[in-house]
Amino acid sequence: MAVCVYHFDKVIAASVAAFGAGDRCCVSALKTLRNHWKKTAVGTCLLSWGGTWLYGQPRDNLLRRAACEEAQVYGDQPLPSNMPLKRATVFLNPAACKGKARTLFEKNAAPILHLSGLDVTVVKTDYEGQAKKLLELMESTDLIIIAGGDGTVQEVVTGLLRRADEATFSKIPIGFIPLGKTSTLSHTLYPESMNQVQHIINATLAILKGETVPLDVLQIKGEKEQPVFAMTGLRWGSYRDAAVKVSKYWYLGPLKTKAAHFFTTFKEWPQKHQAALMYLGPTERPPEEAEEQRSRPPFHVRLYRRLALYWSSPPKEIPREETQDNWEELKISTIELSIATQNRQPDLTRTEDFMNICIEADTVGKGQFVSRGSQKMSDPQTCPEGSQCIQASKCILQLPEGTGGSFGIDNEEYEAMPVEVKLLPRKLHFFCDPRRREQMLHVAAQ
């Protein structure tokens, strides 16, 4: 019995010693964390990032696998022996998304396109402006796919509409795979998604599903150069100038946007941009053209119809050019002027075609400028209360001689100069997610 008590006492003593050692270890660990808090913070961030990465990789692989299986269904569909494969020409900007665009495309979009049965040709651009030149030389294709950001979209659209046969090529449906830092059209064409892989997959699958929406284009023409074409719009003013400088204050983290606008107020204030604006009002929307082309009748039938039409009906009146009396003219002084399409929230049932001109008041206070600048970073087309809003189909912007600064055209910088801006309504058809098209029709019906 004494031996048992002796051994029991030893066990208790060992347990107390073990608990004491554990407490000392905890205290020692806490002291170490306190003395090396910087290393601890960095280690915690790395562990957190590593855990997120390890969780995200299997999830993204499952998304890719499901998308490839869906694309395989399209690829397995039989084709008539006399029907060739559809040709898709992809214009890929590898420099988009800080050089990550090529990897993003090859991992997430390329397998889907190849499995779908399309005859895919990938054209990689090497320098800025190359896509415009390549579009001028491009031969016939069934689909055009833009893989990049806003800059790539503008280059492809500009090159396409500068062609001599643009009337034919503008009917080719266009797909957009958002890979750039700014991809404004993706908000219109696809559902919102916080997962980049899911967003790219949705865009690629939308091309296979075949649903399209007609989008407006702005033709912006200077005095000497060839016209530039924009899908979003033109901005000129202090908010745009401050937005360009936001990236310079990256070290301020979430405060960088406010810092860029705050330091802008140190310049001459209030900042005024003066110009003369002439514009024409909205135009009535013509009826939609039939999408399905009927088979062409025989030559003798077409000849008979033309002769009958020629002898039976009077010649059509040639539409007159706009006269000077149709134009409205304004002298403006503004902190920012924007000319935008309605592509951000397209109305598929509207009866008039117009672009939105927003002339913001130049009496904005410095504090209001800083707070409003953050809002315009998320939605540049916001037209604040107190602004003058105009609906126009065409406008001419005349700047005073010696005016400096820059325009922002689809987030790309151009020298400020007198320009003529013309709306080309429903000029191009872009593939969109069927869910987004249903939402557009539902909103229009309400």
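Our structure is the block above this text.
Residues numbered from 1 in each chain as written. Predicted model: local features only at pLDDT ≥ 70, side-chain atom pairs only at ≥ 80, totals over all residues. Heavy atoms only, no water.

Draft legend 1. Representation of the sheet that holds strand S7 (residues 233-237) within the structure. Taken together, the six strands give an open sheet; going across it, the order is S14-S13-S11-S7-S16-S17, and neighbouring strands pair in antiparallel fashion. Every interior strand has two partners, whereas the edge strands, strand S14 (388-392) and strand S17 (412-415), have only one. On average, each strand axis in the sheet is inclined to that of its neighbour by 20°, with strand direction left out of account. (Pairing = 2+ DSSP bridges. Helix = DSSP H or I, 4+ residues; strand = E, 2+ residues; numbered from the N terminus. Axes fitted to C-alpha atoms, helices over the stretch in contact; angles between N-to-C directions.)

Draft legend 2. Geometry of the packing of helix H4 (residues 101-115) against helix H9 (residues 196-209). Interhelical geometry of H4 versus H9 gives an angle of 30° and a closest axis separation of 9 Å. Relative to H9, the element H4 is oriented roughly parallel. Of the two elements, H4 crosses H9, and the hand of that crossing is right-handed. Every residue of H9 that contacts H4 at Leu104, Asn108, Ala109, Ile112 and Leu113 is listed here: Gln196, Val197, Ile200, Ile201, Thr204, Leu205 and Leu208. Class assignment of the residues belonging to the contact of H4 with H9 gives a composition of nine nonpolar, three polar and no charged. (Parallel < 35°, antiparallel > 145°, perpendicular 65-115°, else oblique. Left-handed = near helix turned anticlockwise from the far one by under 90°. Contact = heavy atoms within 4.5 Å. Nonpolar A, V, L, I, M, F, W, Y, C, P; charged D, E, K, R; others polar.)

Draft legend 3. Here's a closer look at the side chain of Lys376. Inspection of the secondary structure assignment puts Lys376 in helix H13 (residues 366-378). In terms of polar contacts, Lys376 uses its side chain to reach the backbone carbonyl oxygen of Thr382, at 3.1 Å. (Polar contact = N/O pair within 3.5 Å; in protein donor to acceptor, adjacent residues only side chain to side chain.)

Draft legend 4. Inspection of the pairing of strand S3 (residues 143-148) at higher detail. The element S3 is extensively covered by neighbouring structure, given that six of its six residues are classed as buried. Where burial is concerned, the two faces of S3 agree: the one with Leu143, Ile145 and Ala147 and the one with Ile144, Ile146 and Gly148 are both buried. Alignment of strand S1 (residues 87-92) against S3, held across five bridges, turns out to be parallel. If you follow Phe91 over to S3, its bridge partner there is Ile146. Relative to strand S4 (residues 174-178), S3 runs parallel, the two sharing five bridges. Residue pairing for S4: Ile145 is matched across the bridge by Gly175. (Buried < 20%, exposed > 50% of the residue type's maximum accessible area, 1.4 Å probe, protein only.)

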